[in-house]
Amino acid sequence: MKVKSRITSVLNTPSLEKSITGFASFDLSLLRLPEDFDCKLPGNVRLGHLTERVLAEAIRASENFRLLAENIQLVVDKRTIGELDFIVEDLSNGRILHLELAYKFYLCDPRISTEPVMQWIGPNRRDSLSEKLKKLKEKQYPLLYHEALPTQFPEIDFSSVIQASCFLASLYLPYGVEIDPDPAYQKAIKGYYLNVDAFAELNRPSKRYCIPPKTEWGIPPAENEAWFSFEEIKPELIKRLEEKRAPLIWEKNGEEYSEYFVVWWWES
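Residues numbered from 1 in each chain as written. Predicted model: local features only at pLDDT ≥ 70, side-chain atom pairs only at ≥ 80, totals over all residues. Heavy atoms only, no water.

Novice: Let's hear about the packing of helix α1 (residues 3-11) against helix α3 (residues 47-61): which residues, and what values?
Specialist: Following both chains from N to C, one finds α1 and α3 inclined at 80°, their axes separated by 10 Å at the closest point. By the angle between their directions, the pair α1 and α3 is classed as roughly perpendicular. Together, Arg-6, Ile-7, Val-10 and Leu-11 of α1 and Leu-47, Leu-50, Thr-51, Val-54 and Ala-58 of α3 make up the contact between the two elements. Broken down by class, the residue content of the contact of α1 with α3 amounts to seven nonpolar, one polar and one charged. (Axes fitted to C-alpha atoms, helices over the stretch in contact; angles between N-to-C directions. Helix = DSSP H or I, 4+ residues; strand = E, 2+ residues; numbered from the N terminus. Parallel < 35°, antiparallel > 145°, perpendicular 65-115°, else oblique. Contact = heavy atoms within 4.5 Å. Nonpolar A, V, L, I, M, F, W, Y, C, P; charged D, E, K, R; others polar.)

Here it is in structure tokens:
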């Protein structure tokens, strides 16, 4: 994994707006960082943990925010009942933020609902934007008001804390389908998705591909160095689809790059 590319890709991912999440949006462009900002990232951890580490180190390095606490485990009677991601101070105005982080990849399936927020699902259809938002609103954010929290952090006045969302999202539309997404989602759209038959039809001798590991999802395809033909990636692609795992594909066609998911559940 290219650490610098991983860091930059996280920092450049837009955060979904309040009109979607219901909470103030914390966009990472707010952080005033040194031009040479860098940090060490752990190996062999999930993508979500990598993202948490990037954000924590970026806040520490910023000129205008201070990290007061992270990964706060709320313990009652020796039992952990939940965890808050970050407590952050905005040095420009002294406000304290309870910040919850998410780094998600969702595909739009317009067949699910006419309500935009209900249409976004994970590549393997095992999670969704609406489910994640419900969990945040009903389980994560209420932890701030638990009576046990002030006793664990007496130095923080939790009564004045503002809750915010850093919901970093990369969104994909179905290939060949006319969809006009709600403007609130537009800035997060990264590509499209299609099934394996459509993928094969679009293949050309000039095209080269890569199936990146999940820890590299979100990194621009142009950062990649190793490229393969359709026939070379086909066995791995078919294997994943048979296991109901939708891979992300990076494509290089001359000097043009694109990214998309190949799924088993969509009929073109």
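Novice: Give me the side chain of Ser-165: which residues, what numbers.
Specialist: Note on placement: Ser-165 falls in strand β6 (residues 162-174). Ignoring sequence-local partners within four residues, the contact set of Ser-165 consists of Ser-15, Thr-21, Phe-23, Ala-24, Ser-25, Phe-26, Leu-99, Glu-100 and Tyr-141.

Novice: With reference to specific residues and values, describe helix α4 (residues 129-140).
Specialist: Here α4 has its buried residues at Leu-129, Ser-130, Leu-133, Leu-136 and Gln-140. One face of α4 carries all of its buried residues, which in axial projection span an arc of 165°. In α4, the exposed positions angled more than 90 degrees off the buried face are occupied by Glu-138 and Lys-139. Summarising the contacts, the buried residues of α4 are in contact with α2 (18-21), β3 (79-90), β4 (96-108), β5 (120-121), β6 and α6 (183-186). (Buried < 20%, exposed > 50% of the residue type's maximum accessible area, 1.4 Å probe, protein only. Arc of directions from axis to C-beta.)

Remember, this is a structural readout, not a statement about activity or role.
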